[in-house]
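# Inside the fold
So the chains spell out like this:
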Amino acid sequence: MKRKEFILNTGGVILGSLTSSNLFANLHSLSNLNFQINIGVIGTGGRGQGLIKLINKISGFNVIGVCDNIPFRLEEAFTLIKGNQNSRAYSDYRALLDNEDIDAIIVSTPLSTHDQIAIDAIDADKHVYCEKTMAKGTAATSRIVNKCKQSNKIFQTGHQYHSSRMYTQLVEMINNGKVGKIISIEGQWNRNGDWRRTVPNPALERQINWRMYREFSYGLLAELSSHQIDFTNWLLNATPKKAIGFGGIDYWKDGRETYDNTKVIYEYPQGIKATYTCLTSNAKDDYKIMVMGDKGTLTIFQKSAWFFPEGQYKTEYGDVDGVSGATSNWQQGKGSELDLKHMDPTKQALIDFKDAILNNQKPLSGVSTGAKASYAVEMGIQAMDTNQVIEWDDANFIF
């Protein structure tokens, strides 16, 4: 887009509220969509801009609106929009929602704003892709769930690994007995760095580094571990019964309010324990999930998975270069790499969102799975904050 085409609608900020419109007024039909879905992206920081770049590569998706209340972020996002002279940039998300040409929105704003924006979007007759974690806290999660119950719009939660075809195959393998009886699940997402974004103006510190501040975010557990929590809920087809955990601001003494290291243990039915660790001062093995059973351990990375047999269960042998008995893909300590085909999970999740809208079908990562992960995150935060065991309370957790 040319610089002179940059249109900035002023008149509000992204955290504002909007009076709900008639939920069922002016419903779009699939025939009107004409297999071309117009998208508005609300929140154009690093994640939002990354999503726009992926959408640009997906046939049938067309970003025609972007919104952020940080001007330089908004302009950066606007330059990423390709091929539509009707594209607009907004500083107020309510103005974007008023655009009747927009069929669906992506919410990639700070966690504390997800529920209000998502609810307003549904009231404005838009389909919603809401980044993880779905909402901040029990009450906010329940508000989204209740709104979706009243609506016929598609709602997808941005736990992209739920859309990964590699993960789908792994869940099927495990459920078919690959690791035997599951004993434990160990998840980690470690990095060595302060997790901060560059701030061009100190006045923008809390807006840009919102993940560091409790007003906006729950930090590592919500922004990273929630993906792995969602996976465990999916794999076990269950929610945790209780949680205990520890977190602290022990390394980065820089004014942050969310923990710089977390370790939370959840207990699931049948006594299965699932542990999630996030560090910001040691990156060993980065992202990893280990599903441990009495027949072996399946270790899952972001782009690959390995199986290591346990006890009497031996690795499968084959022929390599005509030498019988050699293993074709065995690595000591890791086992055998599984041959699983898949694409980038976030791109797959966006394609799934498009298909769910066109086919009017329930997303793989929908409001129910999103709510369960959100509630589990809340349990973990409470456990770390109080140093107490937090139990799942059906009276508070609806879906």
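Below is a summary of the structure that appears in this document. (Residues numbered from 1 in each chain as written. Predicted model: local features only at pLDDT ≥ 70, side-chain atom pairs only at ≥ 80, totals over all residues. Heavy atoms only, no water.)

### With respect to the overall build of the chain
Regarding its fold elements, the chain presents 11 helices and 19 strands. Out of the 399 residues belonging to the chain, those deemed buried represent 54%. In the structure as shown, the chain presents an accessible area of about 17,600 Å², 47% of it carried by carbon and sulfur atoms. (Helix = DSSP H or I, 4+ residues; strand = E, 2+ residues; numbered from the N terminus. Buried < 20%, exposed > 50% of the residue type's maximum accessible area, 1.4 Å probe, protein only. Areas by Shrake-Rupley, 256 points an atom, 1.4 Å probe, with all protein chains shown as cover.)

### Quick look at the state of the cysteines
Applying the stated criterion across every chain yields a total of 0 disulfides. Left unpaired, C130 is separated from the closest cysteine sulfur, that of C148, by 9.2 Å. (Disulfide = S-S within 2.5 Å.)

### Here's the deal with the pattern of salt bridges
Throughout the structure, instances matching the rule amount to 18 salt bridges. Here D123 and K147 are joined by a salt bridge, their closest N and O atoms 2.9 Å apart. Note that D123 is positioned in helix 5 (residues 114–123) and K147 in helix 6 (residues 138–149), a separation of 24 residues in sequence. The salt bridge partner of K284 is D285, with a shortest N-O separation of 2.8 Å. The class for K284 is exposed, based on a relative accessible area of 55%. (Salt bridge = Lys/Arg side-chain N within 4 Å of Asp/Glu carboxyl O.)

### Notes on the packing of aromatic side chains
Summed over the entire model, instances satisfying the criterion amount to 10 aromatic pairs. Considering the side-chain rings of Y251 and W252, the 4.9 Å spacing of their centres and the 75 degrees angle between planes classify their relative orientation as edge-to-face. A centroid spacing of 5.8 Å and a plane angle of 65 degrees characterise the contact between Y266 and Y276, whose relative ring orientation is edge-to-face. Of the two residues, Y266 is situated in strand 10 (residues 261–267) and Y276 in strand 11 (residues 273–279); the sequence distance between them amounts to 10 residues. Both residues of the pair, Y266 and Y276, count as buried. (Phe/Tyr/Trp six-rings, centres within 6.5 Å; stacked < 30°, edge-to-face > 60°.)

### Details of helix 11 (residues 367–386)
Between its first and last C-alpha atoms helix 11 spans 28 Å; for 20 residues at 1.5 Å apiece the expected length is 28 Å, and the two agree. Downstream of helix 11 by a residue or two, N387 has a phi angle that is positive, lying close to 55 degrees. (Expected span 1.5 Å × (residues − 1).)

### Describing the side chain of Q49
Tracing the chain through its elements places Q49 in helix 2 (residues 46–55). Contact partners of Q49, with chain neighbours within four places excluded, come to T44, R73, E76, A77 and L80. (Contact = heavy atoms within 4.5 Å.)

### Here's the deal with helix 7 (residues 165–175)
All of the buried residues in helix 7 are M166, Y167, L170, V171 and I174. Projected down its long axis, helix 7 shows its buried positions confined to an angular sector of 135 degrees, all on one face. Elements that come into contact with the buried residues of helix 7 comprise strand 8 (182–189), helix 9 (220–236), strand 12 (287–293), strand 13 (296–300) and strand 14 (305–309). Within two residues after helix 7, G177 carries a phi angle of roughly 100 degrees, on the positive side. (Arc of directions from axis to C-beta.)

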